[in-house]
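# Structural description and commentary
Each chain is listed here by its residues.
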Amino acid sequence: MRPAAILDIGSSKVVCLSGSVLDKGGIVVHGAGVSGCDGYLLDRFLDKQSLHDAIVDAVQKAEQESRTRIRDVALTVPASFSKLTLSDMTMTLGEHARVVDPADVDKLIELSYRKIGTPQGYVLMHSTPVFFLVDGISSSELPQGIVTEEISGLIAHMFVREDYIATIQSALDDIGVDISMCVSAALGEATMLIPESERVRPAVLIDVGYRQTDICVIENAALTGLSTIPMGGYQFASDLAFGLDVTQQSAEQAKRRFVFSLDYGDKTEILRSENESKRVQNSTIAYIIEARANDLAAQIRSELDRLQVNLESRPIVYLSGGGLLMMRGSLDYLKKTLGFPIKRDMPWTPRLSSPNYCSAFGALNFVLLANRAADDRPAEPERDESSFWQKLKDFFMK
């Protein structure tokens with residue numbers, strides 16, 4: 001199987017990874033490129049020129065390290081540029097019960113999509129079954145080979161904004177690279193971090209990035225909830241800069257040195273910038289940072305309620321992203337503030353082994369495993385090139 005490349009657009013950086021699957025499992029990264037930029041907040045790019053330059057730089061760095069020409073990339077789509085719609089559908093197989101075949105499942109998914117249609121300004125990214133219902137029995141397994149009169153299912157349809165694709169492709173055009181497909185950043189990350197056994201019932205992934213926090217609910221192999229909070233690591237530093245009257249750079253350094261729940265007593269810290277130095281109480285820094293952390297926790301709880309996550313059932317919750325986890329003691333502090341267990345399980349990697357690269361590795365893992373599954377699938381007879389699903393494939397797979 002040939003290597004694949006992904007392009008991950010974050011709120012403060014762009015990451016390009018080129019890699020392949022090892023024979024015994026696992027992933028090897030052939031090339032990596034990371035470039036900082038003024039990314040996005042919610043659904044708005046802050047500086048398109050900065051983003052353009054970062055995309056070109058990240059791809060070229062990955063090419064140089066891997067010593068290969070990248071001709072196409074799988075593009076990750078952040079939650080704020082995505083739209084998730086759930087659609088249930090029931091389909092009768094005929095006058096008499098018969099065996100369910102793969103074409104029936106495809107048709108069920110297609111009917112589910114046609115039921116909701118495409119939101120204006122969006123295109124379909126992927127459709128994933130949450131579960132199937134056959135003769136009153138619910139299962140995440142494809143109901144192929146079962147004899148029944150009808151099948152039902154709940155399908156998650158993920159859409160991506162057309163202008164998001166156009167913006168990224170515009171930068172890639174300058175270096176002759178195409179977008180081969182779009183992948184939900186949340187879905188790739190969640191399927192990598194959360195074991196399949198823990199996704200039998202809904203699980204939650206909270207990704208605290210630099211400028212915003214994305215929350216997704218995943219059940220089996222599909223997203224069933226998606227939300228964004230306009231708050232991340234940047235806001236912690238911004239609060240310090242305002243409250244202490246120091247530069248954003250000095251505040252960022254103070255944030256990185258801070259340790260949650262540590263008794264600083266009367267200790268002080270000197271914050272330095274190019275023009276001045278300022279001595280501040282560590283207790284003041286703690287007060288500002290913990291106030292923002294409490295605010296973030298309150299908003300996370302509010303969004304979980306809105307997403308109808310039943311916290312009393314003790315769902316599996318994972319935390320990722322560099323906006324909070326890069327601060328020492330943050331995981332335990334958030335556990336205590338939210339009042340429920342949270343896991344952190346970033347797979348070890350020889351390099352870029354940090355929570356702020358979870359999204360990029362999740363996308364690479366998702367694409368490589370999908371490609372391997374496609375390679376292992378038996379050859380199918382030629383299909384009608386004008387079919388609905390073929391047109392979707394042609395759009396995303398160039």
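Our subject in this report is the structure included herewith. Keep in mind that this is a model prediction, so the values were computed, not measured. (Residues numbered from 1 in each chain as written. Predicted model: local features only at pLDDT ≥ 70, side-chain atom pairs only at ≥ 80, totals over all residues. Heavy atoms only, no water.)

To continue, consider the sheet that holds strand E14 (residues 203–208). Spatially, four strands are ordered E16-E15-E14-E19 in an open sheet, and the strand pairing comes out mixed. This sheet does not close on itself; its edge strands, each paired only once, are strand E16 (222–229) and strand E19 (317–320). Mean inter-strand twist for the sheet, computed between neighbouring axes without regard to direction, equals 15 degrees. Relative to E19, E14 runs parallel, the two being bridged by four bridges. Its bridge partner lying in E19, Leu205 is registered against Tyr318. Of the strands in this sheet, E14, strand E15 (213–219) and E16 touch helix H7 (residues 282–306), which is tilted by about 140 degrees from E16. (Pairing = 2+ DSSP bridges. Helix = DSSP H or I, 4+ residues; strand = E, 2+ residues; numbered from the N terminus. Axes fitted to C-alpha atoms, helices over the stretch in contact; angles between N-to-C directions. Contact = heavy atoms within 4.5 Å.)

In this section: the pairing of E16. Burial analysis of E16 places six of its eight residues in the buried class, the great majority of the element. With seven bridges connecting them, E15 and E16 associate as antiparallel partners. Across the sheet, the residue bridging to Val217 is Gly225, located in E16. (Buried < 20%, exposed > 50% of the residue type's maximum accessible area, 1.4 Å probe, protein only.)

Spanning 15 residues, helix H2 (residues 102–116) covers 22 Å between terminal C-alpha atoms, matching the ideal 21 Å at 1.5 Å per step. All of the buried residues in H2 are Asp104, Val105, Leu108, Ile109, Ser112 and Tyr113. A distance of 3.1 Å separates the backbone nitrogen of Ala103 from a side-chain oxygen at the start of H2, and that oxygen is part of Asp101. Two residues or fewer past H2, Gly117 is found with a positive phi of approximately 75 degrees. (Expected span 1.5 Å × (residues − 1). Polar contact = N/O pair within 3.5 Å; in protein donor to acceptor, adjacent residues only side chain to side chain.)

Most of helix H4 (residues 185–193) sits inside the fold, with nine of its nine residues counted as buried. Those residues of H4 that fall on the buried side of the exposure criterion are Ala185, Ala186, Leu187, Gly188, Glu189, Ala190, Thr191, Met192 and Leu193.

Read these as layout, nothing more, since geometry by itself doesn't imply function.
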